[in-house]
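Here is what each chain is made of, one letter per residue.
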Number of protein chains: 2
Amino acid sequence: MARGSTRPTSRDVAQAAGVSQAAVSLVLGDKWHGRVSEATAQRVREAARDLGYRPNLAARNLRLGRTRTVLLVVPALTTEFFAGVYTGATRVAAEHGFGVVLYPSPEGIGPARDPFASAQAALDGVIASSMAADALSAIRGEALPLVMLDSDPAGSLGAATVNLDIADGVRQIADHLLSLGHRRFLHLAADVPSWTFDVRARELAARLAGVPGTSVRTARSPISSEGAVAAAETALSEPGPRPTAVVCDDDLLAAGTYKAARRLGLRVPDDLSVTGLDDLALATAIDPELTTVRLDAELFGERGMAALLAVLEGREPKGGDIPVRLVVRGSTAPPGAA
Amino acid sequence: MARGSTRPTSRDVAQAAGVSQAAVSLVLGDKWHGRVSEATAQRVREAARDLGYRPNLAARNLRLGRTRTVLLVVPALTTEFFAGVYTGATRVAAEHGFGVVLYPSPEGIGPARDPFASAQAALDGVIASSMAADALSAIRGEALPLVMLDSDPAGSLGAATVNLDIADGVRQIADHLLSLGHRRFLHLAADVPSWTFDVRARELAARLAGVPGTSVRTARSPISSEGAVAAAETALSEPGPRPTAVVCDDDLLAAGTYKAARRLGLRVPDDLSVTGLDDLALATAIDPELTTVRLDAELFGERGMAALLAVLEGREPKGGDIPVRLVVRGSTAPPGAA
DNA sequence: CCGCTTAGGTTTTACGTATAACGTCTGCCT
DNA sequence: AGGCAGACGTTATACGTAAAACCTAAGCGG
């Protein structure tokens, strides 16, 4: 009191407790055992509480040369999936006394050349979702510890990678549809250059290549429900025998496919089976509920953060892809079930 | 070069350019006009570029006593809506050289008593979405400039508020349904104590109170599609004349209501009109597309950040609620249209 | 009684930056 | 000639913290 406006510093606490600033730092930093008496420590803690003392983080960060803050670079936040990744990453970070700053990469903020200009915070490390090579090298130029999510392990310039086992998810989808009897497929692919989508195309092709009598057409769509409607409607209207199953790169595209099917008078799943990938809330909101692959976004974020913490502590990050699981719902059925 | 691992400081730049550290700070801080010659400034800039100099944010923050970082407290990130708010807030912040740190409030991270422990960054201000009073007072205790989103102006302890004109949105919904001829309503309300939901209930009741022959039942549901299914199914199965229109507190609840209607053999909109609130991507993904009120989440975030910047600069934040707009789609029709 | 250890602190320093305060030199006016 | 005003810098300092280095007195073994 009598101090008024400005926040109390450790020196104020020291004065109030009748000790030196160093003693305050020791006590509050829990490094006082054997260096300060229990009674004095108690006085310091009380003074700190009474004054409402909060350490100045800028000063601490400067002194320590680290910030316990990491940057999470995501393609765009406007998706349930990355919200989950963020939530998971934050949970693990908090357990280790770290904070997470978000940087929505490409569209959000202007040209977005520089994540580090926008993130005012000083950083200890970076977690980046599958991103373009130039943006990646910009980050590497910063010489910060880096973990890549959902990225080509071979193309990550030596950074640690944490991936979902998307390839296995696509295999599960393919096997499910094949076992239902489908042979003519449409692959509704995301029109985004990204390793995570390349994997889908590659694995689907590889799986079907082993089965005689199968065929797969590919249509490309921007990642939005509206874009998918147009792409799917066009692709399903092409001459020749119509595909009986549409494998979509994610749930949003699947929702668009539903709408295209309605416009063409096709019923899901009787005339057309549809699969997604993500298992968003959307998947159970549409009718029929969507057969899709459940990606555990939060676990993904947790594992990513755990890997970064490992790198920061000089440990070896835990390897292995994160398993995914096919969820069969009402949007898939044998062809011509009607 | 020859320096090796550690990042270059302004002193290194100074040495490379043959000037004092102060000169470097002046030039790079763009405060050199009339104090440093153009030629010297050029040398400094080149040296900085060659060394790949980046100012140490922690040191700058300490020196300046501010961080150009603000905290955005949201109820939970796992929603498209708050992702939009964040995007808008970040856009405006970036224009003013500010960064935004996110704090997902209640469930995400343990008990989450203390936003400021988790957000490692030192902060200049806070934007908080409608939140409980105790959490609010914890923030106020921090004595940081504060802007509240979607909160009771009277109960915000004097903090500036920025609100969507939800009341007007509810009026538009009510008028739309009344003009279609509906008289028996079900209000599917979010089971969350929050001013923003109170407004919905109050305004709906007020609107219908003026029209003779109307009745409204209320059912409560957690904010999730699954929870809404159960709540809506129960409410629609109650004895007595069935409501012809369901007014839902948000789009997620509306999606649940669709599903409940299907289970009960009711068709939307022929047997039952349904309205939402938010206009999420979901609204156009479900069939029929949802009549709802479009909330411009990004604009909301922009206005919130603009208000906080105003407070930080000692200006008066711009007042006035943000207008919302009814979007009529296929989920509403006159009662008994079948 | 000397010297060593230990408890219980204090003094000092460094982190990297921004800026106030202080110099110097040249040119120019009166 | 004296002085004064730029132009062009430099020197010094402070921000608040953590921790290394230092100090002092008491206890104690030999």
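Everything below is about the structure shown above.
Residues numbered from 1 in each chain as written. Chains lettered and ligands numbered in written order. Predicted model: local features only at pLDDT ≥ 70, side-chain atom pairs only at ≥ 80, totals over all residues. Heavy atoms only, no water.

Engineer: Teacher, can you tell me more about the sheet that holds strand E4 (residues 146-149) of chain A here?
Structural biologist: Across a sheet, strands are paired by hydrogen bonds formed along the backbone, either parallel or antiparallel in direction. Residue and element names in this part refer to chain A. In space, the five strands of this open sheet follow the order E2-E1-E3-E4-E5, with parallel pairing throughout. Two strands bound the open sheet, and with one partner strand each, they are strand E2 (99-104) and strand E5 (160-162). Neighbour-to-neighbour, the strand axes of the sheet open up by a mean angle of 20 degrees, direction not taken into account. Direction of pairing for strand E3 (residues 125-129) relative to E4: parallel, over a ladder of four bridges. Within E4, the position partnered with Ile 127 by the bridge is Val 147. Taken strand by strand, helix H13 (residues 297-312) contacts strand E1 (69-74), E2, E3, E4 and E5, and its axis lies near 160 degrees from that of E4. (Pairing = 2+ DSSP bridges. Helix = DSSP H or I, 4+ residues; strand = E, 2+ residues; numbered from the N terminus. Axes fitted to C-alpha atoms, helices over the stretch in contact; angles between N-to-C directions. Contact = heavy atoms within 4.5 Å.)

Engineer: Please clarify how the protein's contact with DNA strand C should be interpreted in this entry.
Structural biologist: A:Ser20, A:Ser37, B:Ser10, B:Tyr53 and B:Arg63 are the nearest of the 25 residues found near DNA strand C. Counted by atom, the contact set of DNA strand C within 4 Å of the protein is 54% sugar and phosphate. Note that a phosphate oxygen of DNA strand C is positioned 2.9 Å from one of the side-chain N or O atoms of B:Arg60. Counting residues per element, the ones that place at least two in the surface near DNA strand C are helix H2 (21-28) and helix H4 (57-64) of chain A together with helix H1 (10-17), helix H2 (21-28) and helix H4 (57-64) of chain B. Top element by residues in the surface near DNA strand C is H4(B). It accounts for four residues. Tallied by class, the residues present in the surface near DNA strand C amount to 10 nonpolar, eight polar and seven charged. (Near = heavy atom within 4 Å. Polar contact = N/O pair within 3.5 Å; in protein donor to acceptor, adjacent residues only side chain to side chain. Nonpolar A, V, L, I, M, F, W, Y, C, P; charged D, E, K, R; others polar.)

Engineer: Any chance you could explain unusual backbone geometry here in plain terms?
Structural biologist: With the exception of glycine, most residues fall at negative phi, and the peptide bonds are largely trans. Following A:Asp287, the chain continues to A:Pro288 via a peptide bond in cis, the omega torsion being 0 degrees. With respect to the helices and strands, A:Pro288 occurs in the loop between helix H12 (281-285) and strand E10 (292-294). Phi is positive for A:Asp279, close to 60 degrees, though the residue is something other than glycine. By the element assignment, A:Asp279 lies in the loop between strand E9 (273-275) and H12. Of note in the backbone geometry, B:Asp278 takes a positive phi value of approximately 145 degrees without being a glycine. Secondary-structure assignment places B:Asp278 in the loop between strand E9 (273-275) and helix H12 (282-285).

Engineer: Even after reading the chapter, I still don't get the nonpolar core, so can you show me in this structure?
Structural biologist: Membership of the largest hydrophobic core comes to 88 residues, with the highest contact counts inside it found for A:Met305 and B:Met305. Residue contacts for A:Met305: discarding those within four places in its chain leaves A:Val70, A:Ala89, A:Val92, A:Ala93, A:Val100 and A:Ile127. Core analysis: the second largest hydrophobic core is formed by 58 residues, A:Ala260, A:Val274, B:Phe197 and B:Val246 among them. (Core = buried A, V, L, I, M, F, W, Y, C linked by side-chain atoms within 4.5 Å. Buried < 20%, exposed > 50% of the residue type's maximum accessible area, 1.4 Å probe, protein only.)

Engineer: What is the right way to read the protein's contact with DNA strand D from this model?
Structural biologist: The full set close to DNA strand D counts 26 residues, and A:Ser10, A:Tyr53, A:Arg63, B:Ser20 and B:Ser37 are the nearest of them. Of everything in DNA strand D that lies within 4 Å of the protein, sugar and phosphate atoms constitute 56%. Within the backbone of A:Ser10, an N or O atom sits 2.5 Å from a phosphate oxygen of DNA strand D. Within the side chain of A:Arg60, one N or O atom sits 2.9 Å away from a phosphate oxygen of DNA strand D. Among the secondary structure elements, those contributing two or more residues to the surface near DNA strand D are helix H1 (10-17), H2 and H4 of chain A together with H2 and H4 of chain B. Take the surface near DNA strand D: its biggest share by element is four residues, from H4(A).

Engineer: For this particular structure, what's the right way to read the pairing of strand E7 (residues 215-221) of chain B?
Structural biologist: Look at any regular strand and the pattern is simple: side chains alternate between the two faces of the sheet. Residue and element names in this part refer to chain B. Two elements, strand E6 (residues 184-190) and E7, share seven bridges in a ladder whose sense is parallel. Note on E7: the bridge partner recorded for His 187 is Thr 218. Viewed along the sheet, the connection from E6 through helix H9 (residues 195-209) into E7 turns out right-handed. (Right-handed = clockwise from strand over helix to strand, strands pointing away.)

Engineer: Help me out: how do you make sense of the packing of helix H10 (residues 225-237) of chain B against helix H11 (residues 251-263) of chain B in this one?
Structural biologist: A pair of packed helices is captured by two measures, namely the crossing angle of their axes and the spacing between those axes. Residue and element names in this part refer to chain B. Close contact between H10 and H11 brings their axes to 7 Å; oriented N to C, the two are set at 50 degrees. Overall, the two elements H10 and H11 adopt an arrangement that is oblique. Relative to H11, H10 is oriented so that their crossing is right-handed. Of the residues in H11, those in contact with Ser 225, Ala 228, Val 229, Ala 232 and Glu 233 of H10 are Leu 252, Leu 253, Ala 255, Gly 256, Thr 257, Lys 259, Ala 260 and Arg 263. Residue composition of the contact of H10 with H11, grouped by class: seven nonpolar, three polar and three charged. (Parallel < 35°, antiparallel > 145°, perpendicular 65-115°, else oblique. Left-handed = near helix turned anticlockwise from the far one by under 90°.)

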